[in-house]
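Chain by chain, the residues:
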Amino acid sequence: MSDGIVLLVEDNADDEELTLLALKENNIGNKVVVVHDGAEALDYLFGRGAYDGRDVADRPVLVLLDLKLPKVDGLECLRCLRADPRSRLIPVIVLTSSKEEEDVIQSYALGANSYVRKPVDFGEFVEAVRQLGLYWLVLNEPLPGS
Amino acid sequence: CEDLFQSLMEINPFFTVLGAVDPEGNIFCASRTMSGPVNLADREYFQRAKETRDFTVSDFQVGRVSGQPSISFAYPVTGEDGRIRIILVAALDVTWFVKHAAEAQLPPGGGITVIDRRGTILGRWPNPDPWVGEDAREAEIVKTVLAQSEGVTQALSLEGISRLYGFTPLGRYVNVGYVYVGIPVDVAFETSNRLLARNLLALGIATALVLVGARVYGHLFVIRGVRRLLSATEKIGRGDLAARTGVRPEEGEIGQLAAAFDTMAESLQLRESERDNSERALRRSMQTIGAVLKASPVPVCTLDSQGLVDMWNTAAERVFGWKEEEIVGRTLPLLHDQEADKGRQLWPRILTGESLEGEELNWRRADGSRLTISIYTAPLWGARGEVMGIVAILLNITERKAAEEQLRQNAVRAQLLAEISEAFARAGLNYGPLLNYVARRATDLLGAFCVIHVLSDDGTHLTPVASYHRDPSARRQLRELLSSFPLSSDKDALSEVVHSGRGILAPIISKEFLRNLAPRLYHDFVEHFSIRSLLIAPLRAEEQVIGTLTMVRDSVGNPFNGEDQALLQYIADRAAVAIANARLFETVQRLNAELERRVAERTAQLQLANKELEAFSYSVSHDLRAPLRAIDGFSRFLLERYQDSVDGQGRDYLSRVRAATQRMGHLIDDLLQLSRLTRNEMTIGPVDLSAMVREIADELSQADPVRDVELIIEKDLHAQGDQRLLRVALENLLGNAWKFTSGKRSARIEFGATEQDGQVVYWVRDNGAGFDMAYVEKLFGAFQRLHSASDFPGTGIGLAIVQRVIRRHGGRVWAEGMETQGAAFYFTLPREAQS
């Protein structure tokens, strides 16, 4: 359960901290890599820029993707991620404050595996993260080789 | 048989010859000895007798056997087999008759002559020799007789003696010759003979009658005699030599005829006075007829066989303006050569005796003006059955023709006008084509070419906007010339029409006049297009002159008249209305286009604004929530992980912080919902409001099972609308009712509908906290609250949402309430939104 990287794409430091706290609260021990925008996420995935030389074969088991991001936004990031064979099959959970219908539809259309809205109430937020972790990291059979 | 014939001759002295002829025409037996063989095969009467096997009579001729002027008869005798065996011929002596007539009638020195139609002397008494058989065509009297046929004249006789003659044709229907009777002039003027002189013609007529009678009734005295002759010959042929004809002078028809002739001659003399009377009567009736013709109110004339006028009555003088003396002896005053040709074509028909009945011809009056005449004719028969002339009745139908033409033109115009009116109505609102149509139709109807000028908006310029020339080749030139005029002068005819609003009628225009009138710019125009007659009509629409319609005729002698002007004005009036409509339509179209452009602009702006709003909403949903979550999350961590460091008061504060963040979260959610309500597309369909209210109420009860609320929901209330939006609205209304009745012991919430002014009004009513009507205006504003959050929690957006939903459906929402007594919310969903 503790093996496999979770890539958290989150530009908001508070949300990053809260997400990490929630993961910890739920005893999810996976290594969490945090990137702060879509461009960095793609760099990480494809071993470019700051992540030049990273072993791309070491794929995250799960991507937690915020939508409102600087540089390359969440939806664009998702599109690139799904367009590349190296990252095409990685489960992506859109984790966002947006409840816009359009965002939900777009996300699924671009191949998101799940769409979760961050509740304002932290208790509810922790619960949501718990269920996510339980499902995607424990219950769900990951892609071979990840 | 010669003896037999001779004995017959003796008792019938007027026979010159009697004989028998074989079918080949050879005379084999005759009353007189012939110097040689005589053949009659070429004689017309002989041939006819052979052909018809019947009795025939010849014209007056000189006999081939007798050498005397005679009328010959032929009588075919057929055998039992029906074939002609012999033909008996007889010749009647003309001179014998003439002599008897002359002896019976004439004073000393008088004489009667018979000539054939070529002027050969057939018989004469006295002094038949040496004239009989001679061609006397050149003699003055014969010339006159041949020329005039019948009448009285003074002329030189064959012997060169001046005589008074009466002459008449032999036979009224077949021209076989003439008789003329003459007496010396000095004899004629003796008192005792004056009467006779006057009756010379009558005498001639009497003689002619006798001769013709002899010819026509020849069979009476020939056939009977011949029949006896025949039976006698047959008897002789059989050997009965005692046979006689039995024709005795005293009982011979011919003798009787001779006697009758004498009697007639006597009676002629006896009835001289009667004849005089009848002649007078004749003259009188002739005079009467003449007077009637003269006085006839209808033009009448007679023409001779050359087509020259003989008689011309008073009415003709009046109608044609030609005096009788001016026209007699001349041809009829037909209008043109063309008409004269037509007349010439008719003439041969007239000469064959045909009557004209209402033939129309154009005539020329003495003053040169034209008349249309309907001509009726009857032939005047001459003695020989020839047409001597005609009598013609000339009906002046000029006015009738003009009226007919007018009528025809009116009909044509009426039809064209109807077409134009309809076409203008149909021409629609396409300005350019309409103007061209007007120009074309007006030209068709009235003239050679047409120009339409339209006044500029500022009223200073007249611009040629359409033109049409009847001649296709001139159309382009007309257009080009027109386009080169900057028409602005306020002194010319067009401007005058525009300013006065009255049309111009210039029936006859000379080139010089135009050259003087038109500004220099137009000279080219005037040179190219001959303008002989001009009409200008104002185009009037709603009391305003919007332009002019100019019509031109380019041929001389075809001037416009008042009627044409009226017609052009009629067209102009209709055209003006059509033009004004088209202009109006153009303006409307322009405004519409402008409007559409603005709408598009606004729409674009709105779309932009909407986008911005969306972006804003996105930010709100995303960015405003994130800090809230942080505040809430970290407050909770503080409470949980650092509770030892925070005292009770601090914990209370942290709880408040968390509550506030949550309320803020709700606010944001509601705001987003509100903005979404205006942006999203509506899907209109049937909505069961009663069921919807029931569902919402059930949800409320489940969420708050402690409450005991009486729910009264009217059944089967349906409406057309957006299911999702209406649910939001009802959730808010019922939620409010639920919330504001929380303080009541026996809470009651009702949903129903009433009809009001033909409209269904739905309502949600409760007996809760109610509100002060003073603040009813604020009720539906966002973030407006009439109660404290501690009493009744809420964001103050619910009713704003309700209002927005109802308005999007085109309905209206309002409220009634009273503090502590409850509130009622009403809304309508108009039918337009329902369809």
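Residues numbered from 1 in each chain as written. Chains lettered and ligands numbered in written order. Predicted model: local features only at pLDDT ≥ 70, side-chain atom pairs only at ≥ 80, totals over all residues. Heavy atoms only, no water.

Chemist: Go over the overall build of chain B, please, and point to the residues and values.
Modeler: In terms of helices and strands, chain B carries 25 helices and 27 strands. Burial statistics for chain B: of 835 residues in total, 46% are counted as buried. Look at the contacts in chain B between residues 6 or more apart in sequence, and 57% of them connect residues 24 or more apart. For chain B, the computed accessible surface area is about 43,600 Å², with 52% contributed by carbon and sulfur atoms. (Helix = DSSP H or I, 4+ residues; strand = E, 2+ residues; numbered from the N terminus. Buried < 20%, exposed > 50% of the residue type's maximum accessible area, 1.4 Å probe, protein only. Contact = heavy atoms within 4.5 Å. Areas by Shrake-Rupley, 256 points an atom, 1.4 Å probe, with all protein chains shown as cover.)

Chemist: Help me get a handle on the interface of chain B and chain A, residues and values and all.
Modeler: Contacts between the two partners involve 26 residues from chain B, matched on the other side by 24 residues from chain A. Roughly 2,200 Å² of surface becomes buried between chain B and chain A when both sides are summed, with 53% attributable to carbon and sulfur atoms. In this assembly, chain B and chain A are joined by three salt bridges. Residues Glu-25 of chain A and Arg-641 of chain B are paired through a salt bridge, measuring 3.0 Å at the closest nitrogen-oxygen approach. Where chain B meets chain A, there are six residue pairs in polar contact (both at pLDDT 80 or more). Those elements that place two or more of their residues in the side of chain B that touches chain A are α20 (562–641) and α21 (648–679) of chain B. The biggest single contributor to the side of chain B that touches chain A is α20 of chain B, with 18 residues. In the side of chain B that touches chain A, the residues fall into seven nonpolar, eight polar and eleven charged. (Buried area = accessible area lost by both parts, 1.4 Å probe. Salt bridge = Lys/Arg side-chain N within 4 Å of Asp/Glu carboxyl O. Polar contact = N/O pair within 3.5 Å; in protein donor to acceptor, adjacent residues only side chain to side chain. Nonpolar A, V, L, I, M, F, W, Y, C, P; charged D, E, K, R; others polar.)

Chemist: Can you break down the pairing of strand β12 (residues 309–312) of chain B residue by residue, with the values?
Modeler: All names here are of chain B. Two strands pair when backbone bridges link them, and strand β11 (residues 300–304) and β12 are joined in this way by three bridges, in the antiparallel orientation. Residue Thr-302 lies in a different strand from β12, and its bridge partner there is Met-311. Taking the residues that link successive antiparallel strands as the turn, the β11-β12 hairpin has four residues, and the phi of Gly-307 there is positive, at about 85 degrees. (Pairing = 2+ DSSP bridges.)

Chemist: Mind laying out the nonpolar core, listing which residues take part and the relevant values?
Modeler: Residues and elements named next belong to chain B. Counting 43 residues, the largest nonpolar core has Leu-689, Leu-730, Phe-751, Tyr-762, Phe-825 and Phe-827 as the members making the most contacts within it. Element by element, the count of residues in this core is highest for helix α23 (residues 723–740), at nine residues. Not counting chain neighbours up to four residues away, the residues in contact with Leu-689 comprise Leu-717, His-718, Ala-719, Leu-726, Leu-730, Phe-751, Tyr-762 and Leu-829. Counting residues in hydrophobic clusters, the runner-up holds 36 residues, among them Leu-416, Cys-450, Leu-535 and Leu-549. (Core = buried A, V, L, I, M, F, W, Y, C linked by side-chain atoms within 4.5 Å.)

Chemist: Describe the side chain of Asp-632 of chain B, and please don't skip the residues or the numbers.
Modeler: The residue Asp-632 of chain B is located in helix α20 in this model. Overall, Asp-632 of chain B belongs to the buried group, its relative accessible area being 0%. Those residues in contact with Asp-632 of chain B that sit more than four places away from it in its chain are Val-120, Asp-121 and Phe-122 of chain A together with Arg-658, Thr-661 and Gln-662 of chain B.

Chemist: Provide a residue-level description of the sheet that holds strand β27 (residues 822–828) of chain B, including the pertinent values.
Modeler: Residues and elements named next belong to chain B. Pairing is mixed across the open sheet formed by five strands, whose spatial order is β22-β24-β25-β27-β26. What marks the edges here is a single partner per strand, and that holds for β22 (709–713) and β26 (813–818). For this sheet, the mean angle separating the axes of adjacent strands, direction not counted, is 15 degrees. Taken together, the eight bridges between strand β24 (residues 747–756) and strand β25 (residues 759–766) define a ladder with antiparallel strand orientation. (Axes fitted to C-alpha atoms, helices over the stretch in contact; angles between N-to-C directions.)

Chemist: So what about helix α1 (residues 13–25) of chain A? Which residues, and what values?
Modeler: Residues and elements named next belong to chain A. The end-to-end C-alpha distance of α1 is 18 Å, a good match for the 18 Å that 13 residues give at a rise of 1.5 Å each. Among the residues of α1, Asp-15, Glu-16, Leu-18, Thr-19, Leu-21, Ala-22 and Leu-23 are the ones counted as buried. At the N-terminal boundary of α1, the capping side chain belongs to Asn-12, with an oxygen 2.7 Å from the backbone nitrogen of Asp-14. Directly beyond the C-terminal end of α1, a positive phi value near 60 degrees is found at Asn-27. (Expected span 1.5 Å × (residues − 1).)

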